[in-house]
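Analysis of the macromolecular model
Chain by chain, the residues run as shown.
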Amino acid sequence: MSSNTTPTNTVEIKKGLEGVVVDTSAVSKVMPETNSLTYRGYPVQDLSEKCTFEEVAYLLWHGELPSKKELEAFVQEERSLRTISPELASVIKLFPKKAHPMDTVRTAVSYLGMEDSDIWSQDRKSNMVKAKKIFSKVPTMIAMDYRCRKGLPVIEPRKDLSFSENFFYMCFGEVPHKDIVKCFDVSMILYAEHGFNASTFTSRVVTSTMSDMYGAVTAGIASLKGPLHGGANEQVMHMLKEINDPAKAEAWMLDALATKKKIMGFGHRVYKRGDSRVPIMKDYGQKLANIKGEQKWLKISDILEKVMIEKKNIHPNVDFPSGPAYYLMGFEIDMYTPLFVMARTTGWTAHIMEQAENNRLIRPLTQYTGPAERVVKTLAERA
Ligand code: COA
């Protein structure tokens, strides 16, 4: 019995639902025994090499990769939905400038729900319309919020650019080298979906009450923010910057382990022998470092990874290589988890549709550990 399993008189409690299978899903398969991951049966490595993020979004929602004609129609629709309403734009402009971008995108998605007159419909067709709106508009919200916080003029989305190109354009006013865009696109593919992780499960729980897709995605964003989940990619870069010198990396890690620090970007609830997404993200991160002529962050990362595996046999997760990759692309550190949101809206909404179509309220039990039943004293008696 693992230390996370508590025996009680009647049931075994699996703390953190570790190892508990709560439902079926056809969206993705995480295989810790082979360190692999498939979306609708396709290995993420193949999808990363051969597809764009738009094709992967289509796959997650429809179960099949699009034909050329289907992709053209989807891409056109996605591009036509990118603009947000003037009302939402003015709300984003009013957000506190020091607010974390995860809080601003969470609020902006919630606002998007208030604008949808069809918010309550749960059938597949209506949910698909909502999923596409969220997918197309979230990058616009994030880029607009970024520009407002920096006091820069907002840049409207362009219809002649891909999802990833357009995001760079809306943030920085230009599209970088195609290899940099590809690295970003791959990070979107790798972040798109990952089974019943905490934020996806959160979205499914909300959906199971027959609440709406915007609410479920808003809750997913709140769940992803935490450093034990999506927020780790930001913490990884803070750690690399704190170390700052490859010569100091080994001593830093040994000291962190000796003082029992949790090292962000390492460990995983499901993968115990390595995360399927790490080798791909590392390859693209290396290409990026070569283009930028900046090897320092990857050198520090390599040393940290080596020491962690040697001393604790704990492997890096995908947040470990994606943190420095986003840094090299020029994104501010507090943007990294919102970038994860941009990708994961696809997986969340695929799961929300799956849950809505075969729904049963998710309502587990708890083993009560409070006081035994007792008599209520009146306020006068309690004096
Ligand atoms: N740094 C140091 N030790 C770690 C660790 C890390 N990142 N991740 C796990 N461990 C250690 C734990 O301290 C524990 O050691 P112990 O048995 O001596 O107490 C053991 O490994 C098991 O870890 P546990 O916390 O029970 O695993 P979990 O399945 O509950 O947690 C994570 C998984 C992801 C929450 C955990 O690995 C973590 O906090 N990682 C850092 C955050 C992160 O990168 N999150 C992104 C996940 S994709």
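Residues numbered from 1 in each chain as written. Predicted model: local features only at pLDDT ≥ 70, side-chain atom pairs only at ≥ 80, totals over all residues. Heavy atoms only, no water.

1. Points about the site of the ligand
- Near the ligand you find 18 residues, and of these Ile 263, Gly 265, Phe 266, Arg 269 and Asn 317 are the closest.
- Measuring from an oxygen atom of the ligand, one finds a side-chain N or O atom of Lys 272 at 3.3 Å.
- Here an oxygen atom of the ligand sits 2.8 Å away from a polar atom, N or O, in the side chain of Asn 317.
- Computed on the free molecule, the ligand has an accessible area of 860 Å², of which 67% lies beneath the protein chains in the complex.
- Of the residues that constitute the shell around the ligand, the class distribution is eight nonpolar, five polar and five charged. (Near = heavy atom within 4 Å. Polar contact = N/O pair within 3.5 Å; in protein donor to acceptor, adjacent residues only side chain to side chain. Areas by Shrake-Rupley, 256 points an atom, 1.4 Å probe, with all protein chains shown as cover. Nonpolar A, V, L, I, M, F, W, Y, C, P; charged D, E, K, R; others polar.)

2. Some details on the packing of aromatic side chains
- Enumeration according to the criterion identifies 23 aromatic pairs in this entry.
- Considering the side-chain rings of Phe 168 and Phe 331, the 5.4 Å spacing of their centres and the 35° angle between planes classify their relative orientation as tilted. Within this pair, whereas Phe 168 is found in helix 7 (residues 163-172), its partner Phe 331 is found in the loop between helix 15 (319-329) and helix 16 (336-357), the two being separated by 163 residues in sequence. Across this residue pair, the class does not change: Phe 168 and Phe 331 are buried.
- With centroids separated by 5.4 Å and ring planes inclined at 75°, the aromatic side chains of Trp 297 and Tyr 327 adopt a geometry described as edge-to-face. A residue pair is termed long-range when its members are at least 10 positions apart, and Trp 297 in helix 14 (residues 296-312) and Tyr 327 in helix 15 qualify at 30 residues.
- A connected cluster of aromatic rings, assembled from ring pairs, spans Tyr 146, Phe 167, Phe 168, Phe 172, Phe 184, Tyr 191, Tyr 326, Phe 331, Tyr 336 and Phe 340.
- Cation over ring: Lys 287 sits above Tyr 284, and NZ or CZ is 4.1 Å from the ring centre. (Phe/Tyr/Trp six-rings, centres within 6.5 Å; stacked < 30°, edge-to-face > 60°. Helix = DSSP H or I, 4+ residues; strand = E, 2+ residues; numbered from the N terminus. Buried < 20%, exposed > 50% of the residue type's maximum accessible area, 1.4 Å probe, protein only. Lys NZ or Arg CZ within 6 Å of the ring centre and 35° of its normal.)

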